[in-house]
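Reading the structure
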Amino acid sequence: MTNDSALSTQHSALLSAIVLAGGKSSRMGQDKALLTVQGEPLLQRVCHVAAACADSVYIVTPWPKRYQHLNLPRCQFIQEAPLNQGALVGFAQGLAQVQTDWVLLLACDLPKLQVEVLQGWAVELDNVSEDAIAALAHHTKGWEPLCGFYHRRCLPQLLDFINQGGRSFQQWLQQHSVQVLAVPDTNMLLNCNTPEDWASL
Ligand SMILES: Nc1nc2c(ncn2[C@@H]2O[C@H](COP(=O)(O)OP(=O)(O)OP(=O)(O)O)[C@@H](O)[C@H]2O)c(=O)[nH]1
Ligand SMILES: [Mg+2]
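Residues numbered from 1 in each chain as written. Chains lettered and ligands numbered in written order. Predicted model: local features only at pLDDT ≥ 70, side-chain atom pairs only at ≥ 80, totals over all residues. Heavy atoms only, no water.

The condition is simple: UniProt positions are given in the numbering used here, feature names are shortened, and annotations may be inferred rather than shown by experiment.
Labelled according to an unreviewed UniProt entry, the protein appears under the name Probable molybdenum cofactor guanylyltransferase, originating from Anabaenopsis circularis NIES-21. Listed in UniProt under the heading Cofactor (unreviewed entry), the comment for the protein reads: "Mg(2+)". Checking UniProt for the protein, the heading Sequence similarities (unreviewed entry) contains the comment "Belongs to the MobA family."

Structure, rendered in structure tokens:
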């Protein structure tokens, strides 16, 4: 699934990626980032997809040492503090480091990502209207916040929302304009949250 030739695509220089590897993994009962899928730890798998789509990849995690042994070319860790503030706060800490206009945000528990779909979405970013802060897939329950794109201009609003106690992506996104991305294969968004999800792979 690694595709280094994609590095030469015209959009790679304009895109960063953030991979979130924190949280409690309470439903799984063990750190999801290190679960192996087809012999490869999930975090490594997701980071290879991220690196095939973006020029720089930031892994936001409270425990970088835990992942030091993984093969993570062109990825850099952002040590998160304080612990366990949730995905929205982890994202904000990563976004503060991003230098590109757009960033691809990925959870580490997405075993079925498709590089071609993400690259196709990245091409569409040129056409997103200037008032939109993000481009995301949508489903019946709301946005799919952890597999999509955010514009760097959302950082001040995001920090305001967090400083007022907000921790929910859905609530934050409701307050802003977001471009809808079409999902050709919803399987791609499969979240590996439970031992049953993992076994089904
Ligand atoms: N860096 C960082 N990532 C987080 C944090 N909380 C959740 N995540 C990441 O966000 C993504 C989605 O997490 P969830 O599956 O909703 O939750 P979880 O806490 O990992 O697991 P559960 O305890 O089972 O809900 C995963 O990639 C997690 O690693 C956090 O506080 N910091
Ligand atoms: Mg999940």
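1. Description of the site of ligand 1
Defined as follows: The near set for a molecule or strand comprises every residue that places at least one heavy atom within 4 Å of it. Two N or O atoms form a polar contact when they lie within 3.5 Å of each other; inside protein one atom must be a possible hydrogen donor and the other a possible acceptor, and for residues adjacent in sequence the pair counts only when both atoms belong to side chains. Computed by Shrake-Rupley with a 1.4 Å probe, the accessible areas treat only the displayed protein chains as cover when residues are assessed. By the convention adopted, Pro, Cys, Tyr, Trp, Phe, Met, Ile, Leu, Val and Ala count as nonpolar, Lys, Arg, Asp and Glu as charged, and the other residues, Gly among them, as polar.
Not every one of the 20 residues close to ligand 1 is listed here, only the nearest: Ser26, Arg27, Lys32, Glu80 and Cys108. Within the contact set of ligand 1, a nitrogen atom lies 3.5 Å away from a backbone nitrogen or oxygen of Ala87. At 3.1 Å from an oxygen atom of ligand 1 is found a side-chain nitrogen or oxygen belonging to Asp109. Coverage of ligand 1 by the protein chains reaches 86% of its 620 Å² of free accessible surface. For the shell around ligand 1, the residue count by class is 7 nonpolar, 8 polar and 5 charged.

2. A closer look at the side chain of Asn193
Test applied: Counting from the N terminus, the helices are DSSP H or I runs at least four residues long and the strands are E runs at least two residues long. A contact between two residues is defined here by any heavy atoms of the two lying within 4.5 Å.
Its place among the elements puts Asn193 in the loop between strand S10 (177-181) and helix H6 (195-200). At 2.9 Å, the side chain of Asn193 forms a polar contact with the side chain of Asn191. Look past the residues within four positions of Asn193 in its chain and what remains in contact with it is Arg27, Met28, Lys32 and Asp109.

3. Considerations on the packing of helix H1 (residues 42-53) against helix H3 (residues 115-124)
In plain terms, the rule: Orientation is described by lines fitted to C-alpha atoms, with helices fitted over the stretch in contact, and by angles between N-to-C directions that extend from 0 to 180 degrees. Crossing handedness is defined as follows: a turn of the near helix away from the far one that is anticlockwise and smaller than a right angle gives a left-handed crossing, while the clockwise case is right-handed.
Running from N to C, H1 and H3 cross one another at 40°; their axes reach a closest spacing of 10 Å. Note on packing geometry: the crossing formed by H1 with H3 is right-handed. Judged by residue contacts, Val49, Ala52 and Cys53 of H1 engage Val115, Leu118 and Gln119 from H3. Of the residues that constitute the contact of H1 with H3, the class distribution is 5 nonpolar, 1 polar and no charged.

4. Looking at the UniProt feature "binding site: GTP" (unreviewed entry) in the protein
For clarity, the threshold we go by: For each residue, the accessible area found with a 1.4 Å probe, counting protein chains only, is set against the maximum for its type, and the residue is called buried under 20%, exposed over 50%, and partly exposed in between.
The feature "binding site: GTP" (unreviewed entry), as given by UniProt, occupies Leu20, Ala21, Gly22, Lys32 and Asp109 in the numbering adopted here. For this annotated set, covering 90 residues, all C-alpha atoms fall within 11.2 Å of each other, a compact arrangement in space. Relative to the assigned elements, Leu20 resides in strand S1 (residues 15-20). Overall, Leu20 belongs to the buried group, its relative accessible area being 10%. Among all residues touching Leu20, those that are not within four sequence positions of it are Val60, Ala87, Gly90, Phe91, Leu105, Leu106, Ala107, Cys108 and Leu146. By the element assignment, Asp109 lies in the loop between strand S6 (102-107) and H3. Classification of Asp109 by relative accessible area gives buried; the value is 6%. Apart from residues no more than four positions distant in its own chain, Asp109 is found in contact with Lys32, Leu42, Leu190, Asn191, Cys192 and Asn193.

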